[in-house]
Every structure is written in C-alpha cells, then in structure tokens.
Amino acid sequence: MRRIVLIQPKRDGRIFGKSPGSPYTLMRLASLVPAEIPVEIWDENVRRLPLDTLREGDLVGITSMTVTIEGAEVIARRAMKQGAGVVVGGVHATLLPEHTSTFAHSVMVGEGYFTWQQLVQDFAAAGIKGMQPEYRDESWADLEGLATISDRVIQMVDENRHYWTPYLEITRGCVRSCDFCTAIRVSGRRMRLRPVDEVVDEIQRRQIKRFFLTDDNFGLNFSTDPEYRAELFEALAKLDLHGWTCQSEMSIAKHPELLKMSVAAHLDKHFVGFESVNPDNRSSLGGKSKGQAQQTREAIRIIRSHGVGVVGLFVMGFDSDTPATFQTMWEFVRDSELDSVSTTMLTPFPATPFRMQLEREKRLLDSPWRHYDTAHVTFLPKHFTVDELRRCYDWLCRKIYHPSQILRRGTRSLARHPLSLAGKKAFGSFSTDYGYRRTYAYRNVL
Ligand code: SF4
C-alpha cells in the first residue's frame, strides 16, 4: 500500500477564507490508521483536490452526505480510473448502499469503527482484489476509547488555520422518532456517552477554544443522564474556552440547575429543534415538541433567562402546513427572543418514514441529490403546488434573513454577555444567522 487518502467532497467551500466546519469523522478514521501507513485528509471545501496524483496502491475513502453524493461519485470514478482502490462511506452510503455501490469498489455501511481497520488490512494484503463489496458495522460502538484523534492528524489538519468551527462529539444517538430524521438510522436509538476525561483530553490536545457538537440531540441528555451532564459541565468550566454550541430540544428548559452549570462551562447557544409552530404537525415531531407557539415562546424565555442563547430550528412544508403557516411562522420569529433562526424545507431523506410515505403516495419528485439540501422542494406538497410552496419558503427566508433582522437578533445575542467579552462573542453572535442567510441565498440559485 502506498498511502490512504480520505476525502471530504465540497459542500459550502470557504467563507471569508476558511471552511465552516472541520472534517471530524475523517479525522477520527485517519487516527485509526497504523502509524507506518501514510495517511492524508483532503477537504474539497478548503483546497482543489490533487486527484491527478492518485494511482495504484492508494486506498481512497470518500465520506458522503446525500447532498454531496454527486460530487463523491465524480471523485470516486476518477480515482478508480487512475487505479486507486475506492471505498465510500458516511450517511448516504449507510442509507442507500445499493446506489453507492454503483461507483465504488466497497461501501462502508454504518459508523465504520468495527470494519475500517479490517478494510485497511484487506487492502494492504491484496490491493483492490482484497476489498469486499460491503463492510457493515452490525452494532453500535461503545464511545469509550473510540478513535481518539491522534497527534499526527491534529498537526495534519491544522484546524485553527483552515476552519471557523471545529467539531466535537460528546454523545451519539437519539431516542426520539421524528419521521423525517436520518440521525436515528445513522447513529442509533440508544444514547451513548463519551467519558468526560476523554472529552477534556481531546479539547486540550486539539487546542480548540470554540466548537460545535456533532451530537444529534445533546439536550435530551439533560433529562436522561443528569449526573453525567453535571460532571461534564464541571470539567468544562475549568477550561479556557471562548464558547461552544450544540443541538438540543426544548425539554432543557425543565433543568434550571444544569442550565446554570452549562453557562459556567462556556456553553453559548443551544440549537433547539422546535420544528414547527403548527400543532397539527405534532405527530411528525417525535414527542419532543407539540408545535405550540406559546409553549415554545415560554421555553425560549426560560432558557435565555439563565444566560444561554437559543437558535430556533424550524422545518416548513409538513403535510398539515398551509400558506397561513408561513405567515404564523414569520410573526413568531419576528416577535420571539431567539438569538438566531434556521428555517429549512422538509426533505425526504433516504430510509426515513417520511420518504416511504411519499413513495407509497407517489409524491416524490425526480430531484437531483444535490437538491437534498433542505432548501429545495423535492416532493409534491399536500396543500400547495410545488411552486406555491417554493414561493412561500422564499418569502419567509427573505423576511427572516433580512439584514435588519440579522442585526436585531445578533445584537440581542451579544447583549447576553458582559461588555468585557464583546470581542470574543461578536463573531458568534452574528455568524449563525449570516451562515443561514448565505446558505439559503446560495442554494436557492442552484
Ligand atoms: S429529536 Fe432530533 S435527532 Fe432525535 S429523531 Fe428527532 S430530529 Fe432526529
């Protein structure tokens, strides 16, 4: 074997010179490669890929999301043409292995922590001939001691130079059952926890001051494992961090003590999946939200009263939504105390109950995978034509991401902090909304 090259296909590219988030999964898989085998991580968001250097003896691993799978296919075909062995893994490969196998020697299904090293051994022993068509993790790995990021990889990626927000994992999995979500199919229903000392060690060795958690639903853990959560916050409070953010749910409002501890632990904002302000959608929301505007408002008020910011995550286009839902949504956001807002278009990702329902009802549009970016309409809505839903969504995004609204929410977010911290907090106060505005504007022209 000559080397292993792990590739992240392009998604957002660079913003003001850096890519939004680091290639965290690839960093962990690269750390499992034995020290005697050269390994490289190529992130197409950061640089042009030197694909012409690939040749026989190289093992190329490409990570895939549904929205990036077309780019992954182009890279995979080019690498195979030049004689490299190619494996494609990640979310899309896990949800649709049959599709992925049409342009790779192997498909990695699942998290890969049980099978990645086997693949490396197979390739080292017999090259492409040694690769099996599919490597499948049959169970969920315990997170203790799992794929600790090595110093070799930390130096190679140089996160602070190339990325605005390093990613970090503390928990994995979610017990909820939202019918549009892929997380439970990719990460499982059991919530797994990383030992606190391993989390602290990784933050210190990577020398990161800010991070975003990849955890599917970090907030659920406030209710399910409060002792673990308190231990984690106590440990993080001792570190010199600028701030970190996570994905969450509104049940955290019921845990005032933990919210207080989280502020001391430098947790700056929860991205809370409220999902909808239309109560008729509650059967799709997995039990974490009832779509009640008043209840949502109250949860935001309580969480913010402890000094933690709230980014509201909302999905539009459910079967019970009508044009009036968009007006209600705008009024809700306009009058809310949210720090930032994400409004996305409901998207029928592979292997979800929502997609299966649409398939049964013959309502799936023949959209390219690159439109599975949560900003395009990819199915026939119930109470709209496709064009009407698109227009309603565009109208809402223009309202919510108008510069005056971003300025208003960002200033409110900044005001949560003492003046002495304004320098450290200014970037994070405006960057989330700016990122969503840019994403919406950019994807809308594709
Ligand atoms: S709560 Fe979040 S992570 Fe869990 S199933 Fe629902 S959308 Fe997915």
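The preceding data block contains the structure.
Presented here is an overview of the structure given in this document.

Rules used throughout
- Residues numbered from 1 in each chain as written.
- Predicted model: local features only at pLDDT ≥ 70, side-chain atom pairs only at ≥ 80, totals over all residues.
- Core = buried A, V, L, I, M, F, W, Y, C linked by C-beta atoms within 7 Å.
- Buried ≥ 20, exposed ≤ 12 C-beta atoms within 10 Å, placed from the backbone.
- Contact = placed C-beta atoms within 7 Å.
- Pairing = 2+ DSSP bridges.
- Helix = DSSP H or I, 4+ residues; strand = E, 2+ residues; numbered from the N terminus.
- Axes fitted to C-alpha atoms, helices over the stretch in contact; angles between N-to-C directions.
- Parallel < 35°, antiparallel > 145°, perpendicular 65-115°, else oblique.
- Left-handed = near helix turned anticlockwise from the far one by under 90°.
- Nonpolar A, V, L, I, M, F, W, Y, C, P; charged D, E, K, R; others polar.

**Some thoughts on the nonpolar core**
Alright, step 1. In terms of nonpolar packing, the biggest core is built from 55 residues, with Val272, Ile303, Val311, Met316, Tyr393 and Leu396 touching the most fellow members.
Alright, step 2. Each residue touching Leu396, except ones within four places of it in the same chain, is listed here: Met316, Phe326, Met329, Trp330 and Thr343.
Alright, step 3. Residues Ile7, Leu29, Val39 and Val67 belong to the second largest nonpolar core, which totals 45 residues.

**Let's talk about the sheet that holds strand β13 (residues 243–248)**
The pairing of strands in a sheet comes from backbone hydrogen bonds and takes either a parallel or an antiparallel form.
Alright, step 1. Pairing in this open sheet of six strands is parallel, and the strands run β9-β12-β13-β14-β15-β16 from one edge to the other. Because the sheet does not close on itself, it has two edges, and the strands there are β9 (167–168) and β16 (340–345).
Alright, step 2. Note that strand β14 (residues 267–275) and strand β15 (residues 309–316) share six bridges and pair parallel. Within β15, the residue paired with Gly273 across the bridge is Leu313.

**Here we look at the packing of helix α11 (residues 226–237) against helix α12 (residues 256–264)**
A pair of packed helices can be characterised by two numbers: the angle between their axes and the separation between those axes.
Alright, step 1. Between α11 and α12, the shortest axis-to-axis distance is 8 Å and the interhelical angle comes to 25°. One way to sum up the angle between α11 and α12 is to call them roughly parallel. For the element pair α11 and α12, the recorded crossing hand is left-handed. Touching Pro226, Arg229, Ala230, Phe233 and Ala237 of α11 are Leu258, Met261, Ser262 and Ala264, all from α12.
Alright, step 2. Its residues assigned to classes, the contact of α11 with α12 shows seven nonpolar, one polar and one charged.

**Examining the packing of helix α9 (residues 196–206) against α11**
Alright, step 1. The contact between α9 and α11 brings their axes to 10 Å, and the two run at 30°. As far as their axial angle goes, α11 and α9 are roughly parallel. In the crossing of α9 with α11, the sense of the turn from one axis to the other is right-handed. For the pair α9 and α11, the contacting residues are Val196, Val199 and Val200 in the first and Glu231, Leu232 and Ala235 in the second.
Alright, step 2. Classifying every residue of the contact of α9 with α11 gives five nonpolar, no polar and one charged.

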